[in-house]
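Each chain, written out:
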Amino acid sequence: MLAPGEFAEAIADPARTTINVHVPFEGALPGTDLMIPFDQIERQVSELPPDRATPIAVYCLSGRMSAEAAQTLENLGYTDIADLKGGMRAWQASGRTLAHSQSDG
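All values derive from a computational prediction rather than experimental measurement.

**So, helix 1 (residues 4-11)**
Among all positions of helix 1, only Pro4, Phe7, Ala10 and Ile11 are buried. All buried residues of helix 1 fall inside an arc of 115 degrees around its axis, so they share one side. Its buried side turned inward, helix 1 meets strand 1 (17-20), strand 3 (56-59), strand 4 (81-83) and helix 3 (87-93).

Rendered as structure tokens:
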């Protein structure tokens, strides 16, 4: 689990695939690549990078769903997984903004 500052550095790497795993949709971080519900990762594995060494970052609203998603990804063989500690709530509490939220549209 990474604190918001460390997570921001991790997702700044263009090689890292950033996935919002929160359901229902409650916003997204800038640079999010995919939206896959935390409980659908195994079913939607075809959406994920085929190379299991590809760096991945996961986040949700509070950190609970992303922790489960990170475990699922690990079980699927992914080896470089960054998980946002405290989720989007911690991200915003650290002074960072979301790219968009439901109330924006």
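**Comments concerning the pattern of salt bridges**
Overall, the coordinates contain one salt bridge when judged by the stated rule. Of the charged contacts, one joins Arg16 and Asp80 as a salt bridge, the two residues approaching to 3.2 Å between their closest N and O atoms. Residue Arg16 is found in the loop between helix 1 and strand 1, and its partner Asp80 is found in the loop between helix 2 (64-75) and strand 4; the two are separated by 64 residues along the sequence.

Cut-offs used in this document
- Residues numbered from 1 in each chain as written.
- Predicted model: local features only at pLDDT ≥ 70, side-chain atom pairs only at ≥ 80, totals over all residues.
- Heavy atoms only, no water.
- Buried < 20%, exposed > 50% of the residue type's maximum accessible area, 1.4 Å probe, protein only.
- Helix = DSSP H or I, 4+ residues; strand = E, 2+ residues; numbered from the N terminus.
- Arc of directions from axis to C-beta.
- Contact = heavy atoms within 4.5 Å.
- Salt bridge = Lys/Arg side-chain N within 4 Å of Asp/Glu carboxyl O.

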